[in-house]
Amino acid sequence: MASDNDQNLFGVTLDLSHVSRELRTPAMIQDELSGKEAKREKLTAVLDKLSKEQIEAKDAIEKKANKKIRDINECQHLFEAQLERIPVNQKALKVELVEWENKEEAWKQQEIDRIDLLIGEKQNSINGFEVKLE
């Protein structure tokens, strides 16, 4: 397959004289590896720092949201308790209204009786005075 010229590939001749052939030594590869490992460690540290910041920011937001949620839940429970007491309060107020209406009726009747008594006394004194005049 290969001809006398190693630069012939599938019948195509390649001129590789202008291509530089830089061969890396094991020391060069080790230096390159060390540099890339250092870069990877720096990037890992940056990633860890950003992850921690993200977690802290998330926790801060959750704490703030949880406080608001607790406040809203407390208000909701308070309103629900007040809402549950409305029928009881309404019934108590209706009973109190009936009591006051009864007291008012009794007072009105007392006042009417008192006025009738006064009118009767005045009428009797007028009648007694008329009898004396005759």
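What you see is a predicted model; the values in this text were computed from it and never measured.

Peer 1: Can you walk me through the overall build of the protein in this structure?
Peer 2: Along its length, the protein carries one helix and two strands. If you list the helices and strands of the protein from N to C, you get β-β-α. Expressed as a percentage of its 134 residues, the buried residues of the protein come to 0%. By element, 60% of the accessible surface of the protein is carried by carbon and sulfur atoms, the whole surface being about 13100 Å².

Peer 1: Can you help me understand the packing of aromatic side chains in this one?
Peer 2: Where two aromatic rings form a pair, the distance of their centres and the angle of their planes describe that pair. Across all of its chains, the model carries zero aromatic pairs by this definition. One residue, K103, lies across the ring of W100, its end atom 4.7 Å from the ring centre.

Peer 1: Where do I start with the pattern of salt bridges in this structure?
Peer 2: When the charged atoms of two side chains lie near each other, side chains of opposite charge can form a pair. The full count for this structure, using the stated rule, is six salt bridges. Measuring nitrogen to oxygen at the nearest pair gives 2.8 Å for the salt bridge that ties E111 to R114. Linking E111 with R114, this pair stays in helix α1 (residues 26-133), spanning three residues, or about one helical turn. Classification of E111 by relative accessible area gives partly exposed; the value is 24%. When salt bridges with common partners are traced through the structure, they connect R24, E32 and K36 into a single cluster.

Peer 1: For this particular structure, what's the right way to read the confidence of the model for the protein?
Peer 2: Close inspection of predicted coordinates is inappropriate for parts of the model with low pLDDT. Here the protein averages 87 in pLDDT, and 90% of its residues register 70 or above. Counting interchain partners and residues more than four positions distant, the pLDDT-below-50 stretch residues 1-5 has one contact.

Peer 1: Any chance you could explain a nonpolar patch on the surface here in plain terms?
Peer 2: A contiguous nonpolar patch, built from V12, L14, L16 and V19 and spanning about 300 Å² of accessible area, is present on the exposed surface. As for its placement among the helices and strands, V19 is situated in the loop between β2 (12-13) and α1. The exposure class of V19 is partly exposed, given its relative accessible area of 42%.

Quick notes on the rules
Residues numbered from 1 in each chain as written. Predicted model: local features only at pLDDT ≥ 70, side-chain atom pairs only at ≥ 80, totals over all residues. Heavy atoms only, no water. Helix = DSSP H or I, 4+ residues; strand = E, 2+ residues; numbered from the N terminus. Buried < 20%, exposed > 50% of the residue type's maximum accessible area, 1.4 Å probe, protein only. Areas by Shrake-Rupley, 256 points an atom, 1.4 Å probe, with all protein chains shown as cover. Phe/Tyr/Trp six-rings, centres within 6.5 Å; stacked < 30°, edge-to-face > 60°. Lys NZ or Arg CZ within 6 Å of the ring centre and 35° of its normal. Salt bridge = Lys/Arg side-chain N within 4 Å of Asp/Glu carboxyl O. pLDDT = per-residue confidence, 0-100. Contact = heavy atoms within 4.5 Å. Patch = residues over 30% accessible without salt bridge, like charges linked within 9 Å, V, L, I, M, F, W, Y side chains within 5 Å.

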